[in-house]
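Geometric and topological summary
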Amino acid sequence: MGITLEQHTAGVAFIDGDYHPIGEARIPLLDWGFLRSDANQDTVSVWQRLFFRLEDHLNRFENNIAKLKMNCPYTRDEIRAIANECVWRAGFENAYFQMIMTRGVPAPGTRDPRSCDNRFYAFCIPYVWIATPEQQDKGLHLIVSSICRIPPESVDPTLKHYHWLDFEMGLLEAFDRGGDTVVLVDRNGHITEGPGFNLFFVKDGKVSTPGSGVLNGMTRRTVLELCEEVGVRCGPDSISATQLANGDEVFLSSTAGGVIPITTVDNKVVGDGIPGPVTRQIRTLYWQKRESGWHGTPVRAPSE
Ligand code: PLP
């Protein structure tokens, strides 16, 4: 909130074993991460100088790069130290830390992915909200796209990948239809996820979220834990677009904003048209707990 353009462009990148101002960070043009979206990333939020669920993010990152048959040139301890140093050097109070593995550049003249030296990149930039503060308070207008999410049989959605053309085109469709953001469906018309978020729906006091075909979002997991903590029934389910629009409440979860209410679906008002009680309770609790240091790892001077 209130971040200047100058701050937006600021940040720190870690490339080829060294730290660089983000504006000077360069990756090789022939890296298949860029040319083929052959990459995986994980994004950790830092709030008030505390990483959120850092070890859980490292677990997800490690599992995903193993699924992609990539070899990371750094150990887990080294990645943790890089994360700390990127954020420490960048100096932001609230930030994103993103770590990325790409397939890398193949040996000259071959198309064999096994010939690539897998590459690790990382960067820290100021925290970026998925919605403006006003939108977060009032609720977002969600559009259910006519575009299907890439099927999970083709690209595993539990990887945190960069296959986002379906989301990007869906987002443009949503803007044309008067929405703020978009959710894609699967081939059976069930709700999946949106560009950078998981979706939740509340009906008769029960909270549901799609159980498959989606990223196991860190914030989704956090919301499930918070629901359990406050005794709200919550679990995975398959949700049709019609069910979603007829929900009592709808909200999204994301590292880029926590818990954010949705007050219309396809221009139809959800519930009373204002953020509902369950959404408000979970959203408040999420930020209260984060500010109290829950799941937090402090950013330290590298020598400490
Ligand atoms: N789904 C997709 C496709 C995402 O890219 C993201 C985050 O970027 C999420 C869900 C939310 O995951 P998390 O809560 O870990 O940010």
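Overview of the structure. Each residue is numbered by its place in its chain's sequence as written, counting from 1. Only residues with pLDDT of at least 70 are given local features in this predicted model, and only at 80 or more are side-chain atom pairs given and counted; all residues enter the totals for whole chains, interfaces and linings. Here the side-chain values reflect all heavy atoms present in the structure, with hydrogen atoms and water set aside.

With that settled, consider the environment of Glu55. Only runs of H or I of at least four residues qualify as helices and only runs of E of at least two qualify as strands under DSSP, and these elements are numbered from the N terminus. Assignment of secondary structure puts Glu55 in helix α3 (residues 54-67). Sequence-wise, Glu55 and Arg80 are 25 residues apart; in three dimensions their C-alpha atoms are separated by 8.7 Å. Every residue in contact with Glu55, bar those within four places of it in the chain, is listed here: Arg76 and Arg80. Any pair of residues with heavy atoms lying within 4.5 Å of one another is described as a contacting pair.

Before going further, it helps to examine the layout of surface pockets. Unfilled space is identified by rolling a water-sized probe across the atoms. Two kinds of site are reported from a 1 Å grid over the protein atoms alone, namely cavities, where a 1.4 Å probe fits but cannot get out, and pockets, open sets with protein on both sides within 12 Å along at least five of seven lines, and residues are called lining when an atom falls within 4 Å of a point. Grid points are joined across faces, edges and corners, and a volume is the space filled by probe spheres set on the points. Its boundaries defined by the atoms lining it, the largest pocket holds a volume of some 660 Å³. Looking at the largest pocket, it is lined by 35 residues, and the ones nearest its centre are Lys160, Trp164, Pro195, Gly196 and Phe197. Ten residue types, Ala, Val, Leu, Ile, Met, Phe, Trp, Tyr, Cys and Pro, are classed as nonpolar, four, Asp, Glu, Lys and Arg, as charged, and the remainder, Gly among them, as polar. Partitioned by chemical class, the residues of the lining of the largest pocket number 16 nonpolar, 13 polar and 6 charged. Put simply, the second largest pocket is a space of about 290 Å³. Lining of the second largest pocket is provided by 16 residues; of these, Ile27, Ile100, Tyr121, Phe123 and Tyr162 occupy positions nearest its centre. For the lining of the second largest pocket, the secondary-structure elements that each account for two or more residues are β1 (12-15), α2 (32-35), β5 (95-102) and β6 (119-126).

The next point concerns α3. Between its first and last C-alpha, α3 extends 20 Å over 14 residues, near the 20 Å set by a 1.5 Å rise per residue. Three labels apply to residues, based on accessible area from a 1.4 Å probe with only protein chains included: buried if under 20% of the type maximum, exposed if over 50%, partly exposed otherwise in between. Within the span of α3, buried status applies to Leu54, Asp56, His57, Leu58, Arg60, Phe61, Asn64 and Ile65. Lys69, located one to two residues past α3, shows a positive phi value of around 55°. For a helix, the expected span equals 1.5 Å multiplied by the number of residues minus one.

What follows concerns the packing of aromatic side chains. Classification of ring pairs rests on two measures: the distance between centres of Phe, Tyr or Trp rings, Trp counted by its six-membered ring, which must be within 6.5 Å, and the angle between planes, read as stacked under 30 degrees, edge-to-face over 60 and tilted in between. What the rule picks out here adds up to 16 aromatic pairs. Relative to Trp129, the ring of Tyr127 has its centre 4.9 Å away and its plane inclined at 70°; by these criteria the two rings are edge-to-face. Of the two residues, Tyr127 and Trp129, neither departs from the other in class, the shared state being buried. Between the aromatic rings of Tyr286 and Trp287, the centroid separation amounts to 5.0 Å while the plane-to-plane angle is 90°, which identifies the pairing as edge-to-face. The same class applies to Tyr286 as to Trp287, namely buried. Here the aromatic cluster, defined as three or more aromatic residues joined through ring pairs, consists of Trp47, Phe52, Tyr96, Tyr127, Trp129, Tyr286, Trp287 and Trp294.

Take the packing of α3 against helix α4 (residues 76-90) next. Close contact between α3 and α4 brings their axes to 11 Å; oriented N to C, the two are set at 125°. By the angle between their directions, the pair α3 and α4 is classed as oblique. As for the relative orientation of α3 and α4, their crossing is right-handed in sense. Where α3 abuts α4, its residues Leu54, Glu55, Leu58, Asn59, Phe61 and Glu62 lie against Arg76, Ile79 and Arg80. Of the residues belonging to the contact of α3 with α4, the class tally is 4 nonpolar, 1 polar and 4 charged. Lines are fitted to the C-alpha atoms to define the axes, a helix being fitted only along its stretch in contact, and any angle between axes, read from their N-to-C directions, falls within 0 to 180 degrees. Any angle between 65 and 115 degrees counts as roughly perpendicular, while under 35 counts as roughly parallel, over 145 as roughly antiparallel, and the rest as oblique. It is the rotation of the near helix from the far one that decides the hand of a crossing: anticlockwise by less than a right angle makes it left-handed, clockwise makes it right-handed.

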